[in-house]
Amino acid sequence: MSEEQKQILEMLAGGKINVGEAQLLLDALERGAAPTPDELKAAAGEHAAGVQATPGSHEPGLFDSLGNWLGIPRAPRPPSPRAPRPPRPPRPPSRGRRADVIDQVLQLRAHGIDAAYVSKLRAALGDIDIDDVIALGIHRVSPEFVGAVREMGLDVDTDDIVQFAIHGISADYIAQMRASGYDLDADDIVQLGIQGVSAATVARLREAGLTDLSADDIVALHIHNVDADFIAMMRATGFDDLSADELTGLRIHNVTPEYIEALRAAGLDDLPADELTALRIHGIDPAFIERMRALGLQDLDADNLVALKVHGVDADFFGELAEMGLIAPKEKSPEAEAEA
């Protein structure tokens, strides 16, 4: 869009000219000549049909001054007298560039967007197009908000700012997240805001030693209530360097310090977080471990225990194996021998 077209749109948005007059000026810009007398009369007829215009704005004198201002050369005066001009055939309907411009101007007016708002947004965002102006205006984005976000050094475009507005992300929230110490972009900040992650929550995670978190990590920890207290409890059991995924898995599957200590008392020391989670998922507790050992199965690790539990190995199964001669009688479990 040229600077002259923008000036015409701003005059139309400000009520200085009507739609018909704007169309005449845009036509004149395209062909590089001032409106003809017949076109001026047509604009006057449109005004008489009910299109509101500034009083007197359809007079030739106004278009002469506007044409000079916009750099449109004056049409040469026809010789006088001249023969009557035949009626001009009506133009077929068109949805070309000029129609798009008019549609944009009507949208500006429909959403209450005036020239002052457009100027302030351009001062904050540069030469943005009318569609971006309309998007920002629809969501009531103030030029002051745009300026505050840009001053933070955050790399944002119009879509980012619209997302901030849709999800109620304030300039203060953006500033707090920017100061959190994590590398967060506009999409990350929107995601955190949608999930209700407060600046205080982020600060406590960092104070707990989780200094290398992505936005997805922070959201997962927040959703599953992995807080500073839970992290401290895990560290008290000897887990000093758990990742965000490991902490989330332990919390989801209710791996508590009490459960960890019970497994250690049953002889399972130094289990990593993923094995603790697998044992908890499959319901393996100290009682199950003792039953397996009573069957003569010693030195069981986490993978062995999970496999035994998944396949339903118990004392009855061992008894059936002995009866089939697949294991020696001495390998019978104490439970099976007692029953015999």
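Quick summary incoming for the structure in this document. Given the structure is predicted, the values throughout are model-derived calculations rather than measurements.

What counts and what doesn't
- Residues numbered from 1 in each chain as written.
- Predicted model: local features only at pLDDT ≥ 70, side-chain atom pairs only at ≥ 80, totals over all residues.
- Heavy atoms only, no water.
- Buried < 20%, exposed > 50% of the residue type's maximum accessible area, 1.4 Å probe, protein only.
- Helix = DSSP H or I, 4+ residues; strand = E, 2+ residues; numbered from the N terminus.
- Arc of directions from axis to C-beta.
- Contact = heavy atoms within 4.5 Å.
- 1 Å grid on protein atoms, 1.4 Å probe; cavity = no way out; pocket = protein on both sides within 12 Å on 5 of 7 lines; lining within 4 Å.
- Points joined across faces, edges and corners; volume = space filled by probe spheres on them.
- Core = buried A, V, L, I, M, F, W, Y, C linked by side-chain atoms within 4.5 Å.
- Phe/Tyr/Trp six-rings, centres within 6.5 Å; stacked < 30°, edge-to-face > 60°.
- Lys NZ or Arg CZ within 6 Å of the ring centre and 35° of its normal.

Below, the discussion takes up helix 8 (residues 143-151). Every buried residue of helix 8 is accounted for by Pro143, Phe145, Val146 and Val149. Seen end-on, helix 8 carries its buried residues on one side only, within an arc spanning 160°. Those residues of helix 8 that are exposed and aimed more than 90 degrees away from the buried face are Glu144 and Glu151. Buried residues along helix 8 sit against helix 6 (115-125), helix 9 (158-166) and helix 10 (171-178). A positive backbone phi angle near 85° is found at glycine 153, which sits one or two residues after helix 8.

This part takes up empty space enclosed by the protein. With a probe scaled to a water molecule rolled over the atoms, the places where space remains empty come into view. Taken as a whole and assessed by the stated rule, the structure comprises one cavity of 30 Å³ or more. One number sums up the size of the largest cavity: a volume of about 70 Å³. If you go around the largest cavity, you meet 12 residues; those closest to its centre are Leu9, Glu10, Leu108, Val118 and Ile130. Mapped by element, the contributors of at least two residues to the lining of the largest cavity are helix 1 (3-13) and helix 6. Among the elements that make up the lining of the largest cavity, the one with the highest residue count is helix 1 (four residues).

Counting 86 residues, the largest nonpolar core has Leu136, Phe164, Ile189, Leu247, Leu279 and Leu305 as its most contacted members. Ignoring anything within four residues of it in the chain, the contact list for leucine 136 reads Tyr117, Leu121, Leu125, Ile128, Val141, Thr158, Ile161 and Val162.

With that settled, consider the packing of aromatic side chains. By the definition in use, this model includes one aromatic pair. Taking 6.4 Å as the distance between ring centres and 85° as the angle between the ring planes, the aromatic pair formed by phenylalanine 145 and phenylalanine 164 counts as edge-to-face. Placement of phenylalanine 145 in helix 8 and of phenylalanine 164 in helix 9 is noted, with a sequence separation of 19 residues between them. Pair check on accessibility: phenylalanine 145 and phenylalanine 164 agree, each one buried. Lying over the aromatic face of tyrosine 182, arginine 206 brings its terminal NZ or CZ to 5.0 Å of the ring centre.

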